[in-house]
Amino acid sequence: MRRVMEEAEQRVKQYNLKQVPLPTSSAAKFNFENSSSSASVSAIDPKRRKGSIGSIEKAFNMGAREIADSEIARMFYTGGLSFHFARSPYYARAFKNKEKSNIENLLEPIKKTWNEKGVSIYSDGWSDAQRRPLINIMAVSESGPMFLKAINCEGETKEKHFIADLLINTIQEIGPEKVVQVITDNAAACKAAGHIVEAKFRHIFWTPCVVHTLNLALKNICAPSTHPRYDDVMEQCGWISRVSSDASFIKNFIMNHAMRLSMYNNHCKLKLLSVVDTRFASTIVMLKRFKTIKRGLEQLVISEEWEMYKEDDVVKAKEVKDKILNEDFWMDVDYILSFTAPMYEMFRLVDTEKPCLHNIYEWWDSMIEKVKEVIYKKEHKSFTENSRFFDIVNGILVERWTKSHTPLHSLAHSLNPRYYSQQWLDESHDRVPPHRDMNVVRERKECFERYFSSEVERRRVNEEYAIFSASMEDFSSSDSINDRWYMSPIKWWIVHGTSTPMLQSIALKLLGQPCSSSCCERNWSTYNFIHSMKKNKLTPQRAEDLVYVHNNLRLLSRRSPNYNEGESKMWDIGGDGFDSMDIENAGILEIANLSLDEPELEAMLFDSEGNASL
């Protein structure tokens with residue numbers, strides 16, 4: 001009997017299922033109908049060691065599949081591909097949720113730097129393809145712009161309390177101790193909301209966007225209207241508006257007729273720009289393009305084609321020809337571009353996410369001085385004489401600066417070591433170091449009062465500032481003094497500022513902050529790219545998630561050492577410029593860090609090596 005039982009047990013063991021390794025992933029043919037049987041096979045060995053790789057994982061290389069899935073998902077997000085390419089409703093949902101969580105984890109190292117380096121909160125409004133009002137909120141630090149959220153404001157009035165609540169909630173989510181400033185445009189509701197934020201968090205400043213401020217000043221000069229302080233503003237600046245109107249008339253006459261536009265294209269390689277009024281420096285951008293295509297326009301109106309084409313408005317055609325061949329018109333264009341060149345250069349400097357808060361005070365002063373030099377040279381006057389045109393231009397620029405200037409600009413200016421160096425002081429006879437500028441001193445003290453409620457702490461930080469500004473004690477060494485001119489401000493404070501810890505902490509936060517909300521403006525092009533007229537059925541929440549992944553993938557990519565190398569070099573430049581992935585437009589570089597560069601970069605292409613060429 002025992003022998004019979006042993007033989008029976010042996011036969012049972014022989015018939016037990018055995019684990020048979022499946023074929024490799026290259027030979028495997030898998031479908032979802034086999035998923036249940038696969039699960040049963042994987043469950044045969046419950047004693048499999050923790051962390052060991054089973055036959056299913058080996059066969060189908062699950063780790064590689066996960067990586068491939070993520071890469072495919074990122075291709076959808078960054079390329080703005082329609083989700084119709086993945087018919088299953090679970091495809092986009094699974095990838096989106098997983099990738100957003102992955103991006104949040106990858107952003108954590110950047111967020112951890114905000115404790116020491118500080119962060120600025122940006123806010124801007126927009127309407128999507130379905131005319132839903134949205135408010136965009138981003139966080140910008142030395143590492144770059146990070147998209148946080150886009151709030152759907154349907155049914156809400158975007159008044160000061162509503163905007164302030166959004167900003168306050170964002171500040172509390174990030175941590176009030178990390179936030180340096182809140183940047184918005186100069187609208188009255190945004191300004192009032194900024195003051196509410198300042199009242200709740202005394203150490204956080206509302207800072208109006210410098211680009212918006214400069215654009216408003218430029219509009220007051222190039223498109224003047226009645227001014228309470230200057231009765232003759234139209235007399236002095238009206239000619240600028242007339243030149244701009246003439247340029248618009250020429251552009252519209254050519255572009256609004258297919259035959260005229262065809263003739264223009266035969267003589268000019270660059271396109272005539274249709275610049276919307278809401279664009280920064282719109283007048284200057286248009287006139288710069290006119291100057292670039294001057295030769296082509298002149299060849300156009302003296303060509304036989306222009307003379308022979310009779311099916312046209314002869315009177316307007318003659319007027320256009322007379323204006324283009326009028327040298328006085330081009331002299332006026334040159335003059336406008338020359339005296340506004342310092343303002344345009346200022347646009348280029350501040351229209352970025354790069355740290356520049358500490359330079360605004362000095363840049364604005366230098367800009368006005370350069371404008372004065374051009375105007376006085378044109379009028380053949382010495383600086384001791386009076387120029388009514390400059391008085392009005394200067395008055396408008398100073399008035400706009402006064403409205404938008406904040407004490408934070410002065411404190412950041414005070415903490416820039418460069419402005420204490422002898423080399424900087426020697427560049428102009430009327431320059432003084434920040435600790436001798438009464439306006440700067442007054443506003444620096446105001447900032448210290450908001451930063452430190454304790455009188456003891458204020459006395460200590462003032463003593464540290466005195467040691468720094470007068471080059472005393474540890475700041476008296478030759479290296480410390482010489483490096484003020486040669487080193488970047490942040491590096492200087494890291495190397496030489498250890499003996500003044502309170503001042504060093506403030507400096508490291510302020511010197512890494514930007515001064516404009518341009519990244520919010522540019523992020524709307526990303527939103528429009530994803531939530532376009534062709535994809536306007538996306539819900540605001542899904543569109544926000546896709547923008548979150550798309551925008552922050554850019555941030556992470558640009559921090560990668562491989563961003564400027566290989567076939568995918570600068571892969572995101574130009575990406576949001578397309579409405580479709582057509583071959584004709586796919587190589588045009590349309591979007592750059594500086595939005596004002598777009599006209600100059602319009603005809604620039606990337607070759608197979610990733611290099612830009614004209």
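None of these values were measured; they are calculated from a predicted model. (Residues numbered from 1 in each chain as written. Predicted model: local features only at pLDDT ≥ 70, side-chain atom pairs only at ≥ 80, totals over all residues. Heavy atoms only, no water.)

Draft legend 1. Spatial organisation of the overall build of the protein chain. Scanning the protein chain for helices and strands turns up 27 helices and 7 strands. Expressed as a percentage of its 614 residues, the buried residues of the protein chain come to 47%. Partitioning the contacts of the protein chain with sequence separation of at least 6, the portion at a separation of at least 24 is 66%. (Helix = DSSP H or I, 4+ residues; strand = E, 2+ residues; numbered from the N terminus. Buried < 20%, exposed > 50% of the residue type's maximum accessible area, 1.4 Å probe, protein only. Contact = heavy atoms within 4.5 Å.)

Draft legend 2. Summary view of the packing of helix α17 (residues 360-378) against helix α19 (residues 407-414). Where α17 contacts α19, the two axes come as close as 8 Å, and the packing angle between them is 95°. As the angle between them shows, α17 and α19 are arranged roughly perpendicular. Touching I360, Y361 and E362 of α17 are H409, S410 and H413, all from α19. When grouped by side-chain class, the residues that make up the contact of α17 with α19 number 2 nonpolar, 3 polar and 1 charged. (Axes fitted to C-alpha atoms, helices over the stretch in contact; angles between N-to-C directions. Parallel < 35°, antiparallel > 145°, perpendicular 65-115°, else oblique. Nonpolar A, V, L, I, M, F, W, Y, C, P; charged D, E, K, R; others polar.)

Draft legend 3. Highlighting α19. Counting buried residues in α19 gives 8 out of 8 residues, a clear majority hidden from the surface. All of the buried residues in α19 are P407, L408, H409, S410, L411, A412, H413 and S414.

Draft legend 4. Layout of the layout of surface pockets. Roughly 690 Å³ of internal volume is contained in the second largest pocket. Surrounding the second largest pocket, 25 residues form its lining, D365, E369, S428, D430 and R431 being those nearest its centre. Counting residues per element, the ones that place at least two in the lining of the second largest pocket are α17, α19 and α21 (438-451). Broken down by element, the residue count for the lining of the second largest pocket peaks at 8 residues, all from α17. Counted by class, the lining of the second largest pocket contains 7 nonpolar, 7 polar and 11 charged residues. (1 Å grid on protein atoms, 1.4 Å probe; cavity = no way out; pocket = protein on both sides within 12 Å on 5 of 7 lines; lining within 4 Å. Points joined across faces, edges and corners; volume = space filled by probe spheres on them.)

Draft legend 5. Local environment of the pattern of salt bridges. Taken as a whole and judged by the stated rule, the model has 15 salt bridges. A salt bridge links K291 to D334; the shortest N-O distance between them is 3.6 Å. Pair noted here: K291 is in helix α12 (residues 282-292) and D334 is in helix α16 (residues 327-350), with a separation of 43 residues, a long-range link. Here R460 and E464 are joined by a salt bridge, their closest N and O atoms 3.9 Å apart. (Salt bridge = Lys/Arg side-chain N within 4 Å of Asp/Glu carboxyl O.)

Draft legend 6. Spatial organisation of the pairing of strand β5 (residues 205-208). Judged by which residues are buried, β5 turns out to be covered on both faces: F205 and T207 on one side and W206 and P208 on the other are all buried. In this region the chain leaves strand β4 (residues 179-184), passes through helix α8 (residues 188-200) and returns to the parallel neighbour β5; the handedness of that crossover is right-handed. (Right-handed = clockwise from strand over helix to strand, strands pointing away.)

Draft legend 7. Layout of the side chain of S421. Looking at the element boundaries, S421 is found in the loop between α19 and α20 (422-426). The exposure class of S421 is buried, given its relative accessible area of 3%. With residues near it in sequence (within four places) discarded, S421 still touches R484 and W485.

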